[in-house]
Structures are given as C-alpha cells and as structure tokens.
Amino acid sequence: MAVPRITIREAGSHTGQTVEIAGWLYNLRKSGKIVFPLVRDGTGIIQCVAVKSALPEAVFDELKGLTQESSLIVTGQLRAEERAPGGVELDVQGVQVVQRVPESDPYPITPKEHGVDFLMDHRHLWIRSRRQHAILRIRHEIIRAIRDYFDCNGFTLVDTPIFTPAACEGTTTLFECNYFDDEKVYLTQSGQLYNEATAMAFGKVYTFGPTFRAEKSKTRRHLTEFWMVEPEMAYATLEDVKRVAEELIVFVVRRVLENRRPELTTLERDLSKLEAIQAPFPRISYDEAVSRLQAKGSQIQWGGDFGGTDETLLSEDFDRPVMVDRYPAQVKAFYFQPDPDRPDVVLGVDVLAPEGYGEIIGGGQRIHDYDLLVKRIEEHNLPREAFDWYLDLRKYGSVPHAGFGMGVERCVAWICGLEHVRETIAFPRMLYRTTP
Ligand code: 4AD
Ligand code: MG
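Residues numbered from 1 in each chain as written. Chains lettered and ligands numbered in written order. Predicted model: local features only at pLDDT ≥ 70, side-chain atom pairs only at ≥ 80, totals over all residues. Heavy atoms only, no water.

1. A look at the overall build of the protein chain
Within the protein chain one finds 13 helices and 18 strands. Seen through its principal axes, the protein chain has C-alpha atoms that stretch 85 × 55 × 40 Å. Burial analysis of the protein chain (436 residues in total) assigns 53% to the buried set. The long-range fraction of contacts in the protein chain, counting pairs at least 24 apart against all pairs at least 6 apart in sequence, stands at 66%. Put simply, the protein chain shows about 20,200 Å² of open surface, and 51% of that area lies on carbon and sulfur atoms. Of note, the protein chain has its 52 positive side-chain charges centred 5 Å away from the centre of its 64 negative side-chain charges. (Helix = DSSP H or I, 4+ residues; strand = E, 2+ residues; numbered from the N terminus. Buried < 20%, exposed > 50% of the residue type's maximum accessible area, 1.4 Å probe, protein only. Contact = heavy atoms within 4.5 Å. Areas by Shrake-Rupley, 256 points an atom, 1.4 Å probe, with all protein chains shown as cover. Lys, Arg positive; Asp, Glu negative; His and termini not counted. Charge placed at Lys NZ, Arg CZ, Asp CG, Glu CD.)

2. Details of the packing of aromatic side chains
Using the criterion set out here, one finds 18 aromatic pairs in the structure. On the numbers, 4.7 Å between centres and 20° between planes, the contact of tyrosine 194 with tryptophan 389 is stacked. Highlighted residues: tyrosine 194 in helix H5 (residues 192-202) and tryptophan 389 in helix H12 (residues 388-392), separated in sequence by 195 residues. What makes tryptophan 389 partly exposed here is its relative accessible area of 28%. Aromatic side chains tryptophan 389 and tyrosine 390 sit 5.8 Å apart centroid to centroid with 75° between the ring planes, which places their arrangement in the edge-to-face category. One aromatic cluster is present, built from ring pairs that chain together Tyr194, Phe334, Tyr335, Phe336, Phe387, Trp389 and Tyr390. Here the basic side chain of lysine 332 rests over the ring of tyrosine 327, its NZ or CZ set 4.2 Å away from the ring centre. Sitting over the face of the ring of tyrosine 390, arginine 394 holds its NZ or CZ atom 4.2 Å from the ring centroid. (Phe/Tyr/Trp six-rings, centres within 6.5 Å; stacked < 30°, edge-to-face > 60°. Lys NZ or Arg CZ within 6 Å of the ring centre and 35° of its normal.)

3. Section: the packing of helix H9 (residues 286-295) against helix H10 (residues 308-315)
With their axes 10 Å apart at the nearest point, H9 and H10 run at an angle of 90° to one another. As summarised for this structure, H9 and H10 are arranged roughly perpendicular, according to the angle between their axes. Residue-level contacts link Ala289, Arg292 and Leu293 of H9 to Asp310, Leu313 and Leu314 of H10. The class makeup of the residues in the contact of H9 with H10 is four nonpolar, no polar and two charged. (Axes fitted to C-alpha atoms, helices over the stretch in contact; angles between N-to-C directions. Parallel < 35°, antiparallel > 145°, perpendicular 65-115°, else oblique. Nonpolar A, V, L, I, M, F, W, Y, C, P; charged D, E, K, R; others polar.)

4. A look at the pattern of salt bridges
Taken as a whole and assessed by the stated rule, the structure comprises 44 salt bridges. Measuring nitrogen to oxygen at the nearest pair gives 3.4 Å for the salt bridge that ties arginine 131 to glutamate 423. A residue pair is termed long-range when its members are at least 10 positions apart, and arginine 131 in helix H4 (residues 130-151) and glutamate 423 in the segment after helix H13 (408-416) qualify at 292 residues. Note on arginine 131: relative accessible area 35%, which makes it partly exposed. (Salt bridge = Lys/Arg side-chain N within 4 Å of Asp/Glu carboxyl O.)

5. Overview of the layout of surface pockets
Over the atoms, a rolling probe the size of a water molecule traces out where space has been left empty. As a volume, the largest pocket reaches approximately 1,200 Å³. Those elements giving two or more residues to the lining of the largest pocket turn out to be H5, strand S11 (225-234), H10, strand S16 (348-353), strand S17 (358-365), strand S18 (401-407) and H13. Class assignment for the residues of the lining of the largest pocket results in 20 nonpolar, 16 polar and 14 charged. (1 Å grid on protein atoms, 1.4 Å probe; cavity = no way out; pocket = protein on both sides within 12 Å on 5 of 7 lines; lining within 4 Å. Points joined across faces, edges and corners; volume = space filled by probe spheres on them.)

6. Some thoughts on the nonpolar core
Among the nonpolar cores identified, the biggest contains 64 residues, and Ile146, Phe150, Ile249, Phe404, Met406, Trp414 and Ile415 are the most heavily contacted of them. No other element matches the 12 residues that helix H6 (residues 238-259) contributes to this core. If we skip the residues at most four places from it in the chain, phenylalanine 150 touches Phe155, Tyr206, Val229, Pro231, Val244, Leu248 and Phe404. Listed in part, the 25 residues of the second largest apolar core include Ile46, Leu78, Val92 and Val95. (Core = buried A, V, L, I, M, F, W, Y, C linked by side-chain atoms within 4.5 Å.)

7. Some thoughts on the domain arrangement of the protein chain
Domain boundaries in the protein chain define domain 1 (8-99) and domain 2 (123-423). Residue-level contacts link nine residues of domain 1 with five residues of domain 2. When the two sides are added together, the surface that domain 1 and domain 2 hide from each other amounts to roughly 560 Å², 37% of it contributed by carbon and sulfur. Between the two partners, domain 1 and domain 2, sit one salt bridge. Note that glutamate 69 and arginine 128 form a salt bridge whose closest N and O atoms lie 2.9 Å from each other. Joining domain 1 to domain 2, the criterion identifies four residue pairs in polar contact (both at pLDDT 80 or more). For the side of domain 1 that touches domain 2, the elements supplying multiple residues, two or more each, are strand S1 (18-31) and strand S2 (34-40). (Domains from an automatic or database assignment. Buried area = accessible area lost by both parts, 1.4 Å probe. Polar contact = N/O pair within 3.5 Å; in protein donor to acceptor, adjacent residues only side chain to side chain.)

8. Thoughts on the environment of arginine 220
Relative to the assigned elements, arginine 220 resides in the loop between strand S10 (204-212) and S11. Each C-alpha atom, one on arginine 220 and one on tyrosine 357, is 9.3 Å from the other, the two residues being 137 residues apart in sequence. Not counting residues up to four positions away in its chain, the partners in contact with arginine 220 are Gly356, Tyr357, Leu418, Glu419, His420 and Val421.

9. Here we look at the pairing of strand S15 (residues 342-346)
Strand direction decides the pairing type here: strand S14 (residues 338-339) and S15, joined by two bridges, are antiparallel. Bridge pairing in S15 places proline 338 opposite valine 346. Between S14 and S15, which pair antiparallel one after the other, the connecting turn spans two residues. (Pairing = 2+ DSSP bridges.)

10. A word on the sheet that holds S17
Spatially, eight strands are ordered S6-S10-S11-S18-S17-S16-S13-S12 in an open sheet, and the strand pairing comes out mixed. Among the strands making up the open sheet, the edge pair consists of strand S6 (156-157) and strand S12 (283-285). As paired strands, S11 and S18 are joined by five bridges and run antiparallel to one another. Bridging from a neighbouring strand, glutamate 232 pairs with glycine 403 of S18.

11. Here's the deal with the environment of arginine 40
Within the secondary structure layout, arginine 40 lies in strand S2. C-alpha separation for the pair arginine 40 and isoleucine 8, spaced 32 residues apart in sequence, amounts to 7.6 Å. Excluding residues that lie within four positions of it along the chain, arginine 40 makes contacts with Ile8, Gly23, Trp24, Tyr26, Ile45, Glu69 and Arg128. Within the structure, arginine 40 has its side chain in polar contact with the side chain of glutamate 69 (distance 2.7 Å).

Put into structure tokens, the structure is as follows:
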C-alpha cells in the first residue's frame, strides 16, 4: 500500500502511522549517530529523527550532509512526543531529496542574525522563516475575518477600479500613469467614490483591494501600496460608521485569538492586550483630543492634524482602540459632511489603535447635498468634469450615507505587535523599496 502523504498540520492525528511529508529542510542538528532534521512544509515544522543504525548508509549520509532549504520528501513513522512542538516527531525510514541546495551557493538566510536591509533584499526567501510565516498567516486570518464579517452582515462585495481618473484623498499623493493616447490616469487612493455609487445600488457594500499613496513618508506606518477594506452604507450616519467599525475590530481580533494562537505565541505577542479588545471603545471628540494632547505637552493647536506622535500619545490613555470624531473641515478630504450644529467640523472619525499603532480606520458621513458638494470640489481645486458622475449621485435619489476604510497592514502590525508595517505584507512597496 502506498504511504499516505500528509501535511505537518495534520501530523498530530496520524501518530503511530507511517506517512510521507513533502517539504524543505529548515534546519539540521547532528549528534553523533543521530541527526535531527527540522522539516517545514508551509503548514508547520516537524522534528524528524534519523538514526544511523536504522537506515541504509547512503540515506543516512545524504541526510547528514543535506543543506538548509533543500527540498525533500521524508517517509517515516509518527510518534507522539510531548516535548516536541506540535506534539509529534517523525522517525525517518526514507528520504528523497528533490533538489539539493549546493554548498557552493548556500541558502543566504542562516539562523544567525541578519540586518533588516539584507532580509528585505531577500524577502522572497525571508517569508519562509518562522516569524514571517506566522505574520502572513495572521494576515490571512485577518482578511478572512474581515470578509466574513461583511459577508455575514448584509454587505455586498463590489470591486472598484484601480485605474482612476481623479483624486479621492488629495491631489498631492497620486501616482500618475500613462494610459493610451496621452491620457493620464491615477492609481486609486481609495475605492470610496465608487463605493458611494454602488451603495446607492445595493444599500450596503464593501470593496477590498490594493490602494496607492505617493507619500514620501519613511515612517513605520506607511507603505506606498497597501490593502484597504472599505464598507459604505446608504441611509447611514457617522454613528453607524462607529458602530460597524467597533464590531468589525472586535470580530477580527477575536477570530485571530481563536484561530491563530500558535502564531501569536511565535511572535511573543502579549495576548492579554488583545483579549482586552472589547466593546465599547472610548469615543472622544477632536476638541477633547487636542486638550488631552496639550496637557501631555504636544505642540498641537486646534485646527491642526495629528502626527504619528500625537496619535501614539492619545492611545496611551486607553487599553482599546479610541474613536476620535468631528475634525476641523480643513484637515479632512472634500467629501465630508459638515456637522449641522457646528459647520467648522465634519462628521468624520478616525480609529486609533492601542499601543501606539496609530490610525487604523478613517471614515465618516459624506456630503449628500449637490450644491455643497460642488462648492467643496471647487474649494479643493478638483477638476469638476472628473466628478460629474459622482455629482450625479446627489441628483438621483441622494440620501445620507457613510462608510470607512481600514488599512490591513496597520491592523496586522498592531495585532501581531510589530515594529514596522514592512513585515505585514509579502512584498512591501515603500519609498525606497520596489524589489523583490
Ligand atoms: O484615512 P484614509 O486616507 O481614508 C480613506 O482613504 C477613505 N476614503 C476611506 C473611506 O472612507 N472609504 O485611509 C484609511 C486607512 C487608514 O486609516 C490607514 O489604516 C490606511 O488606510 N492607510 C495606510 N496604510 C498604510 N500605508 C499608508 N500610506 C496608508 N494610508 C492610509
Ligand atoms: Mg485618515
């Protein structure tokens, strides 16, 4: 009978059986007449035990001399072993080397410490390492949870375009592309404007895709290409945005805690910090945020936007995300609905993650009045023609509506407890990095 091929993730339920595992040599420890290959297969890492006396000499020697990241298929019997990660070890009976990494050109990432530039240059290989692997698994879990949340709460996924004719979030951060016949288009900064159209067709929608910002920022929170999920709701207000944002974050964090505990442990994440992420989140106004910041010694004046340091200072006071609303109109995009009681501020909200991770969500209520929107487009010096279709939405059954955008990478950085967003995506794009 053929030996069944299993994944390392499944190994725990096959103890006592002889199985085959196809993977790569993660590491190899030698101790006289025994070698301990650590094999990874993408689903996990398993320790194998190869005893010289139990194997044909050629097989033992080949294994003993095998180089890091060589691809191999091992056959052997699974044995419960309490001390082993995953609770099982494999006693090797046979090995088929698929490709041997040559000694003359060894795998560049060794178990010793490497600088971050070196690792980023080898990102295509670095993602095989335990820590990077854990982060990207958590990223997947977060994306799956986001989709589940919206899919289960009556939102329709409607994808929005990446080539766009106009700015959504300010003209200074647009990547311009040459389209055909000298036509210029821009890489999307946000799917929001299209979401507003699809929300009028479907009620509750979301879009989820890559977005681009030509920001020359070198901070630990900025990428030039990042993924954003953006829900939009017809007949909705700023309060609906806060409620949905809070539910979404609680849902996502809970799912990661349920399904990705081993990965969080690999990252040495303090789980109590994530367990504290429960509704209700604190809600403060921009005015209050400014007072709090001034009391902490920030130079911020009313009317200014918060910098990264201000966001960190604000989040220090809370053990869960804080929602800051009603920003001055001048620091926000053209489409925000003014507060009817106080037209100098807008019905927008930013959600700041705890532990200094900064803004993870931005959103609010949109202008639904035609004349006011035209006025804002003019005040912001935006090309009116490019917004004709957007203005149509205010002519044909305009209703109050609202939505938000959540940046996936900032969320991943926060939930994983990472220093920098560059590790939250397989191939980050930053000011000085477009390779590999
Ligand atoms: O606050 P932003 O710019 O909001 C919008 O784009 C709205 N049109 C969204 C909407 O209402 N539909 O961006 C939303 C989020 C931020 O809170 C942040 O998490 C993330 O996108 N983000 C970035 N993430 C990584 N790198 C960057 N350069 C980012 N810029 C924004
Ligand atoms: Mg924002």
